[in-house]
Amino acid sequence: MMSTAITVFASPQSGTENKKDDFKYFTEQFADSKILRYQVPGFENLSLQQKKLVYYLSQAALCGRDITYDQNFKSNLLIRTTLEAIYRNFTGDRNSADYKNFVIYLKRVWFCNGIHHHYSTDKFLPEFSQDYFAVIVNQTKPEALPLAKGQSKEQFLAELTPLLFNPDVAPKRVNLDPESDLVLTSASNFYAGVNQKEAEEFYSAMKKDAKKNKKDTLISFGLNSKLVKENGRIIEKTYKIGGLYTGAIEQIVMWLEKAQTVTETPEQNDAVKKLIAYYRSGDLVTWDEYNIAWVKDLNSLVDFVNGFIEVYGDPMAMKGSWESIVNFKDVEGSKRTEILSRNAQYFEDISPVAPEFKKDKVKGISAKVITVAQLGGECDPTTPIGINLPNANWIRKEYGSKSVTIDNITNAYDQAAKGNGFLQEFAFSKEEIERAGEYGHLAGNLTTDLHECLGHGSGQLNKGVGADALKNYHSTIEEARADLFALYFIKDPVLEKFGLVPNDEVGKAEYDSFIRNGLMTQLVRIQPGKTIEESHMRDRALIARWVFEKGKDDKIIEQVTRDGKTYFVINNYKALREKFGELLKIVQRITSEGDYNAAKELVEAYAVQVDPVLHKEVLARYEKLNIAPYTGFINPEYTLVKNGETITDVKINYPDDFTTQMLKYSKNFSFLPVR
Ligand code: ZN
């Protein structure tokens, strides 16, 4: 059973003051995206063995890059390879508007791991013309282009042009519109030749069969495969050595085997061993065994995520996208999360959720603050700022989960956002701005901690309710549940008692920012005329609009116009907290009972539609600030220092050019066929 969507993404602002730092975070901006670097403080203090472990796991993380492209859309690798070939061989005018737009398009493809926007999942179109595309393809020597066997350049152009330019070809990567066939209308590459009904029937038969034959019924059915129809038969093509993506997986395994020689604890060694076995067999029982071993590894400083994990990319929420994150524990920062996880049962007991939906025993939620050393696959270049894994509900219940807050990434966000004018534009009062400046960073991180290490782990499903009961509404409801848990407790006086916050201004700062974002500023990520699609955005809209509407009579939140600009002002923080509690109770009931209709009603009523007038205003105000709403990251690079054959050290350096890194990755880490 999958419980997906266990990540938090940063809001578009994140602009709070922090300590002075000369490191250059911001490198460039294009389209709606900016590129930052992140620091890896503490890497130099790791032992040689730990550094080697980071190095090997980082290489494994990079080897899966092309899997992400291919999973996102079947022609992504072909397109990327073509664009890179043109870029590398280009001899024409680099200052022409067409060429500049070509480069922006290529950067966007790298940024999104394909031709669909990483967040909205809509296909984005080039801003150069088809004619110009023909010119630059024709200028490129044929042996540099990924032509099919015997294919002429004309045929090649005829193949590529609609993929890039026709808005009706593969228009959306993940379509969640319940009125349409989710499988057929989504461009992501998890199904071929099958429709939604066939896919549903295939997996329900598989589950029934497992039950009948007394096989493991708890595995995450379909997680690591593509479902295809061949010669009229529907079969799974499993991602494994010897199966689909074998070229990349062999490399991943090769590096994992090296990593296994330098693991820190027997538990970690066991986890890596099981992960390798899983990549060899593709067996989802082994995948679960790996996850259990991974959850048990609590004493290693270096840790990692590597596998087919989150299911946002699949409209049916079954297929895992490949991702990797290599990290090590921030021991000082983790003191905060340790207090929370130690008191997990306490929070569960006093939460406003109905008693029958609470966990009697909250097990093994381990939470830590981490420093990321490498992002890979779906987490690169855009990354979550918090993660809670594994996703399988039964493992979380029996063995617990690991929850992390990624401090060096949020720090990079905050550093880069200093003085960008965002708060000054959208916050109503000086008081709000000052509160954000003083407490915003702590409030953001603490909310992420609460969301990840308590929110997702809280509550339980009724007997017989599958984690997939809410289908296309699952991710939104699950994220809302975790957010509401965090919002309810961020303003609980108990946090002060635990020494986690200095006063209740921290909770207020979070409420200011959440309401501002959910009601207004997150709209900067939506194009005019579009609705809200992404699960985390839907979750935030749902919560903010629900509490706004339910608190209208008491003016808990007030919509104010000043000098023609809209603001949302919180008049009563205490009453707002009660509203968050009320909604948490509702959302937990929906989750526990698997009440699809109630989920649908709530999401469709509050989370999807956009007020066109407010939207237009927000976009206009935001445009003046010239801030890109999305952020991607350049990874550091690691180099082995050797004395003969002996590794004596691992050096870290911080490259500052996105294009150079992307080209380097494509050159060194392409292990899959382009066609
Ligand atoms: Zn989450």
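One can find the structure itself at the top, above this paragraph.
Residues numbered from 1 in each chain as written. Predicted model: local features only at pLDDT ≥ 70, side-chain atom pairs only at ≥ 80, totals over all residues. Heavy atoms only, no water.

Draft legend 1. Layout of the overall build of the chain. Along the chain, the regular secondary structure elements total 24 helices and 16 strands. Compactness check: the chain gives a C-alpha radius of gyration of 24 Å against a globular reference of 26 Å for 675 residues, within 12% of the reference. Overall, the chain is about 70 × 65 × 60 Å in size when its C-alpha atoms are taken along their principal axes. Per-residue burial for the chain yields a buried fraction of 61% across its 675 residues. Looking at the chain alone, contacts between residues at least 24 apart form 75% of all its contacts between residues at least 6 apart. Surface summary for the chain: the accessible area is close to 26,100 Å², and the carbon and sulfur share equals 49%. For the chain, the distance from the average position of its 85 positive side-chain charges to the average position of its 92 negative side-chain charges is 3 Å. (Helix = DSSP H or I, 4+ residues; strand = E, 2+ residues; numbered from the N terminus. Rg over C-alpha atoms; globule rule 2.2 N^0.38 Å. Buried < 20%, exposed > 50% of the residue type's maximum accessible area, 1.4 Å probe, protein only. Contact = heavy atoms within 4.5 Å. Areas by Shrake-Rupley, 256 points an atom, 1.4 Å probe, with all protein chains shown as cover. Lys, Arg positive; Asp, Glu negative; His and termini not counted. Charge placed at Lys NZ, Arg CZ, Asp CG, Glu CD.)

Draft legend 2. Spotlight on the packing of aromatic side chains. The tally for this structure, following the rule as stated, stands at 43 aromatic pairs. Pairing W287 with Y290 gives two aromatic rings, centres 5.3 Å apart and planes at 35 degrees, and the pair type is tilted. Here W287 pairs with Y290, and both are found in helix α10 (residues 284-296), just three residues apart, close to one helical turn. Across this residue pair, the class does not change: W287 and Y290 are buried. Here the aromatic residues F90, Y99, F102, Y105, F124, F128, Y132, F133 and F165 are joined through ring pairs into a cluster of three or more. The ring of Y69 has R80 sitting right over it, with the charged end atom 4.4 Å from the ring centre. One residue, R562, lies across the ring of Y567, its end atom 4.6 Å from the ring centre. (Phe/Tyr/Trp six-rings, centres within 6.5 Å; stacked < 30°, edge-to-face > 60°. Lys NZ or Arg CZ within 6 Å of the ring centre and 35° of its normal.)

Draft legend 3. Just the coordination of the zinc ion, in detail. The zinc ion binds to the protein through H451 (NE2), H456 (NE2) and E479 (OE); the donor distances cover 2.1 to 2.2 Å. Read N to C, the donor residues that coordinate the zinc ion are spaced as H-x4-H-x22-E. Note that H451 is positioned in helix α16 (residues 430-455) and E479 in helix α17 (residues 474-490), a separation of 28 residues in sequence. On the accessibility criterion, E479 (0% relative accessible area) is buried. (Donors = N, O, S within 2.8 Å, 3.2 Å for Na, K, Ca; no water.)

Draft legend 4. The arrangement of the sheet that holds strand β5 (residues 225-230) in detail. The mixed open sheet is built from three strands, whose spatial order is β4-β5-β6. In this open sheet, the two edge strands, each paired with only one partner strand, are β4 (191-192) and β6 (233-238). Of the pairings in the sheet, the one linking β4 to β5 comprises two bridges and is parallel in character. Each residue of the ladder has a partner; that of A192, found in β5, is V228. (Pairing = 2+ DSSP bridges.)

Draft legend 5. Up close: the pairing of strand β3 (residues 33-37). A large share of β3 lies buried, amounting to five of its five residues. The pairing of strand β2 (residues 26-30) with β3 spans four bridges and is antiparallel. Note that in β3 the partner of Q29 across the bridge is K34. Linking β2 back to β3 in an antiparallel pair, the connection comprises two residues, with A31 at a positive phi of about 45 degrees. Pairing of β3 with strand β14 (residues 630-634) involves five bridges; the strand directions are parallel.

Draft legend 6. The packing of helix α1 (residues 48-63) against helix α8 (residues 246-260), seen in detail. One can describe the packing of α1 onto α8 by two numbers: an axis separation of 8 Å at closest approach and a directional angle of 175 degrees. As judged from the angle between their axes, α1 and α8 are roughly antiparallel. In this structure, α1 contributes L53, Y55, Y56, L57, Q59, A60 and C63 to the contact, and α8 contributes A248, Q251, I252, W255, L256, K258 and A259. Residue classes in the contact of α1 with α8 are distributed as 11 nonpolar, two polar and one charged. (Axes fitted to C-alpha atoms, helices over the stretch in contact; angles between N-to-C directions. Parallel < 35°, antiparallel > 145°, perpendicular 65-115°, else oblique. Nonpolar A, V, L, I, M, F, W, Y, C, P; charged D, E, K, R; others polar.)

Draft legend 7. Quick peek at the pattern of salt bridges. Overall, the coordinates contain 38 salt bridges when judged by the stated rule. E159 serves as the salt-bridge partner of R675, at 2.9 Å between the closest nitrogen and oxygen. Note that R675 is positioned in the segment after α24 (658-668) and E159 in helix α6 (residues 153-165), a separation of 516 residues in sequence. R675 sits in the partly exposed class, given a relative accessible area of 44%. Where D504 meets K491, a salt bridge forms, and the shortest distance between an N and an O atom there is 3.1 Å. In this pair, D504 is assigned in the loop between α18 (494-497) and α19 (505-519) and K491 in the loop between α17 and α18, connecting sequence segments 13 residues apart. Taking relative accessible area as the criterion, D504 reaches 35% and is therefore assigned partly exposed. The class for K491 is buried, based on a relative accessible area of 13%. Each member of the salt-bridge network shares a partner with another, and the members are E431, R435, E505, K508 and D512. (Salt bridge = Lys/Arg side-chain N within 4 Å of Asp/Glu carboxyl O.)

Draft legend 8. Representation of the environment of Q460 in the model. With respect to the element layout, Q460 can be found in the loop between α16 and α17. Spatially, the C-alpha atom of Q460 lies 5.8 Å from that of K358, the residues being 102 residues apart in sequence. Contacts of Q460, omitting those with residues within four sequence positions, involve E356, F357, K358, K359, K397, Q588 and S592. Separated by 3.0 Å, the side chain of Q460 and the backbone oxygen of K358 make a polar contact. (Polar contact = N/O pair within 3.5 Å; in protein donor to acceptor, adjacent residues only side chain to side chain.)

Draft legend 9. Broad picture of the packing of helix α2 (residues 65-72) against helix α3 (residues 76-89). The geometry of α2 relative to α3 is characterised by a closest axis approach of 7 Å and an angle of 120 degrees between their N-to-C directions. Every residue of α3 that contacts α2 at R65, D66, Y69, D70 and N72 is listed here: N76, L77 and R80. Grouping the amino acids of the contact of α2 with α3 by side-chain chemistry returns two nonpolar, two polar and four charged.

Draft legend 10. Broad picture of unusual backbone geometry. For the bond from D380 to P381, the omega torsion is 0 degrees, close enough to zero to count as cis. For P381, the position within the fold is in the loop between β9 (365-377) and β10 (386-389). In this model, L389 is joined to P390 through a cis peptide bond whose omega is 0 degrees. Here P390 lies in the loop between β10 and α13 (393-399). At D563, a residue that is not glycine, the phi angle is positive and equals roughly 50 degrees.

Draft legend 11. Main features of the sheet that holds β2. Strand order across the open sheet formed by three strands is β2-β3-β14, with mixed pairing between neighbours. Either end of the sheet is taken by a strand with one partner, and the two such strands are β2 and β14. Averaged over all pairs of adjacent strands, the angle between strand axes in this sheet comes to 25 degrees, irrespective of strand direction. Its contacts with the sheet place α24 against β2, β3 and β14, and it is angled at close to 65 degrees to β14.

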